[in-house]
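# Architecture and fold: a report
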Amino acid sequence: MRYISTRGEAPALGFEDVLLTGLAGDGGLYVPESLPHFSLEEIRSWRGLSYSELAFNVMHPFVDDAIPADDFRAMLDETYQKFSHTAVAPLVQLDCNEWVMELFRGPTLAFKDFALQLLGRLLDYVLEKRKQHVVIMGATSGDTGSAAIEGCRHCEHVDIFILHPHERVSEVQRRQMTTVLGDNIHNIAVRGNFDDCQRMVKESFGDQSFLGGKTQLAAVNSINWARIMAQIVYYFQASLALGGPDRSLAFSVPTGNFGDIFAGYLAKKMGLPISQLVIATNRNDILHRFMSGNKYEQHQLEHTLSPSMDIMVSSNFERLLFDLHGRDGAAVRDLLERAQQGPVSIEDYRWRNARKLFDSDAVDDRNTCDTIRQVYEQNEYLLDPHTAIGVRAARNCRRDASVPMVTLGTAHPAKFPDAIAEAGLSVKPQLPAHMADLFEREERCTVLDNDLAAVQSFMADHWKHA
Ligand SMILES: *Cc1c(COP(=O)(O)O)cnc(C)c1O
């Protein structure tokens, strides 16, 4: 399988290189040159498979001969054994034909574990083969950092440095990162805000000379193709559990960077019957404004009760724009360059094409809280604020009540106790057993000034073979 850039100028790469690359050289994102397509008969034959067997069938065409089938199977078994429910992604019924797929049964209680647990293993496998080492550098305001650290903790060939804004992440989120002790795990609390952290990461990728040429930086954010790939699997799982592929399904997806929902779009293109995808955003609603009015325009960042969806631009949306423009990289490049200057639209027929599959909704904090409360009162089921946005949007946008609607449950409610309290509920969401002692565990973290040179010299001194 070859991968090409959405801006049409960077060279095509194979799976291994795409795994180790962040952005393409032309500023675009990598996508598969062509997608595998499964017949209904083939999908039907997957009923009853375990999650990791299903994952193998869905992902193998993307990995191709980069990893021998037996090794890849073993890697998937190991990855999904780490999840605390034997179904890996269990479904919970809220109402007639209305479901939540719990994607928060992994080690860090958010759906990002599905991809990052696998990504750590994929990276280590490929680096072992190539006798290479990489340094992962990332900035986090919460979920990504902990999932990335958990995913890389056992990697031999990876050091990971995660920057978070000092005293500005929740205690659960901080402890999920800082209590993972390992020689290759480095938490840096920066005396600054999230944007400062992100800027330092960006500048470091631009000039890696501080590493002395002995290793290179790698990215684990959702521009990495392998993350999208791993997220396609659970759409198939939901379908097979609810009568697919002989009936179609609708999904509502809490969305920030458009990674998770883009995976659903790919599942449909690969042959899975999906009749509707709902883009559920918080007040950072650039995608909702585009889908409802064909206007793509950056607004100021808002801080909400669903911080993992607080974004201004949605990086993976570029991957959809590429398809909407008939895979014309030059057209995407032109559109996104113009989008830097002000609002842009796409040709009406292209936008209408997208609207055949996608609907959207933006849900503010008050409606998020109302939904948490309502669902708790009706079902005694606690939603985290991100999932609540998905449920709300699903209810607002539903086209056909006879089609099962599945909201992706992206985080465990215990990660966001403040939102539960704000919803006026007195119940306290409990951390699952494997994390019950989180508040007693030893923490390891280095506090540094908001100074690029200080951060880079710390990194140069502390990666394993420095
Ligand atoms: C990352 C995250 C999201 C957004 O996912 P995207 O793939 O960026 O759209 C939603 N909910 C939670 C809990 C997350 O951690």
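Residues numbered from 1 in each chain as written. Predicted model: local features only at pLDDT ≥ 70, side-chain atom pairs only at ≥ 80, totals over all residues. Heavy atoms only, no water.

## Details of the packing of helix α3 (residues 51-63) against helix α9 (residues 225-241)
Close contact between α3 and α9 brings their axes to 9 Å; oriented N to C, the two are set at 135 degrees. Between α3 and α9, the angle is such that the two are oblique. Relative to α9, α3 is oriented so that their crossing is right-handed. For the pair α3 and α9, contact is made by Tyr-51, Leu-54, Ala-55, Val-58, Met-59, Phe-62 and Val-63 and by Trp-225, Met-229, Ala-230, Ile-232, Val-233, Tyr-234, Phe-236, Gln-237 and Leu-240, respectively. Looking at the contact of α3 with α9 residue by residue, the class counts come to 15 nonpolar, one polar and no charged. (Axes fitted to C-alpha atoms, helices over the stretch in contact; angles between N-to-C directions. Helix = DSSP H or I, 4+ residues; strand = E, 2+ residues; numbered from the N terminus. Parallel < 35°, antiparallel > 145°, perpendicular 65-115°, else oblique. Left-handed = near helix turned anticlockwise from the far one by under 90°. Contact = heavy atoms within 4.5 Å. Nonpolar A, V, L, I, M, F, W, Y, C, P; charged D, E, K, R; others polar.)

## Notes on the nonpolar core
The biggest cluster of nonpolar side chains holds 109 residues, and the ones touching the most others in it are Tyr-80, Leu-122, Tyr-235, Phe-236, Phe-251 and Phe-358. With 12 residues, α9 is the single largest residue contributor to this core. Phe-210, Leu-211, Val-455 and Trp-463 belong to the second-largest nonpolar core, a separate cluster that totals 17 residues. (Core = buried A, V, L, I, M, F, W, Y, C linked by side-chain atoms within 4.5 Å. Buried < 20%, exposed > 50% of the residue type's maximum accessible area, 1.4 Å probe, protein only.)

## Section: the packing of aromatic side chains
Each aromatic ring pair is summarised here by two numbers: the centre-to-centre distance and the angle between the ring planes. On inspection of all chains with the given rule, the structure shows 24 aromatic pairs. On the basis of an interplanar angle of 45 degrees and a centroid distance of 6.5 Å, the ring pair of Phe-258 and Phe-262 is categorised as tilted. Neither residue differs from the other here; Phe-258 and Phe-262 are each classed as buried. For Arg-73, the ring lying beneath its charged end belongs to Phe-56, and the centroid distance is 3.8 Å. (Phe/Tyr/Trp six-rings, centres within 6.5 Å; stacked < 30°, edge-to-face > 60°. Lys NZ or Arg CZ within 6 Å of the ring centre and 35° of its normal.)

## Regarding the pairing of strand β10 (residues 274-281)
Among the eight residues that make up β10, seven are buried, leaving the element largely enclosed by the rest of the structure. Sheet analysis places strand β9 (residues 249-254) next to β10, joined by six bridges and oriented parallel. Bridging from a neighbouring strand, Ser-252 pairs with Val-278 of β10. Bridge analysis of β10 against strand β11 (residues 358-362) gives five bridges, and the strand direction is parallel. Across the sheet, residue Val-278 finds its bridge partner in β11, namely Asp-359. (Pairing = 2+ DSSP bridges.)

## Details of unusual backbone geometry
At the junction of Gly-244 and Pro-245, the peptide bond is cis and its omega measures out at 0 degrees in the coordinates. Here Pro-245 lies in the loop between α9 and β9. In this structure, Asp-64 takes a positive phi of about 60 degrees despite not being glycine. Mapping Asp-64 onto the fold places it in the loop between α3 and α4 (69-81). The phi dihedral of Lys-131 is positive, around 55 degrees, even though this residue is not glycine. Accessibility expressed as a relative area gives 64% for Lys-131, which makes it exposed.

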